[in-house]
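Coordinate analysis (summary)
Residue strings, one per chain:
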Amino acid sequence: MTTVHVAAPEQGAQFLAPNQIVPLLIGATVDEVERELVLQTLARCDGNRTRASRVLGLSVRTLRNKIRIYAASGIDVPAYQD
């Protein structure tokens, strides 16, 4: 079984197995879960699209297309930070 690393600032780092994560996601659409994953990955990568695309297993082009859709919907997308 694969373990997923989840870090919550107030709790420190935690390791959750998929069977512990899935119940937290029930009730959300796949699009909502994907959007949140993309946005949080971008934030963790300090807005670096290339690094975030590698982490997510997407091409940079696909990631940029998703970002464009999110921005057009009025969703704040993490900007690149040095």
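So, here is what we can say about the structure in this document. (Residues numbered from 1 in each chain as written. Predicted model: local features only at pLDDT ≥ 70, side-chain atom pairs only at ≥ 80, totals over all residues. Heavy atoms only, no water.)

1. With respect to the nonpolar core
Stated precisely, the cut-off is as follows: Take the buried Ala, Val, Leu, Ile, Met, Phe, Trp, Tyr and Cys residues and link them wherever side-chain atoms come within 4.5 Å; each set so joined is a nonpolar core. For every residue, the accessible area (1.4 Å probe, protein chains only) is compared with the maximum for its type, and the residue is labelled buried under 20%, exposed over 50%, or partly exposed between those bounds. Each helix corresponds to a stretch of at least 4 residues labelled H or I by DSSP, and each strand to a stretch of at least 2 residues labelled E; elements are numbered beginning at the N terminus. Contact criterion: two residues are considered in contact whenever any of their non-hydrogen atoms come within 4.5 Å of each other.
Counting residues in hydrophobic clusters, the biggest one holds eight residues: Val 38, Leu 39, Leu 42, Cys 45, Ala 52, Leu 63, Ile 67 and Tyr 70. Sorting the residues of this core by element identifies helix 2 (30–44) and helix 4 (60–72) as the ones contributing at least two each. Contact partners of Leu 42, with chain neighbours within four places excluded, come to Gly 47, Asn 48, Arg 49, Ala 52, Leu 63, Ile 67, Val 77 and Pro 78.

2. Focus on the packing of helix 2 against helix 4
Between two packed helices, both the angle of their axes relative to each other and the distance between the axes serve to describe the pair. Which entries qualify depends on this criterion: Orientation is described by lines fitted to C-alpha atoms, with helices fitted over the stretch in contact, and by angles between N-to-C directions that extend from 0 to 180 degrees. Working definition: roughly parallel below 35 degrees, roughly antiparallel above 145 degrees, roughly perpendicular at 65 to 115 degrees, and oblique for all remaining angles. Charged residues are taken to be Asp, Glu, Lys and Arg, nonpolar residues to be Ala, Val, Leu, Ile, Met, Phe, Trp, Tyr, Cys and Pro, and polar residues to be all remaining types, Gly included.
Viewed as axis vectors pointing N to C, helix 2 and helix 4 meet at an angle of 105°, and their least axial separation amounts to 11 Å. Taken together, the axes of helix 2 and helix 4 lie roughly perpendicular to each other. Between helix 2 and helix 4, the residues in contact are Glu 34, Arg 35, Val 38, Leu 39 and Leu 42 and Leu 63, Lys 66, Ile 67 and Tyr 70, respectively. Class assignment of the residues belonging to the contact of helix 2 with helix 4 gives a composition of six nonpolar, no polar and three charged.

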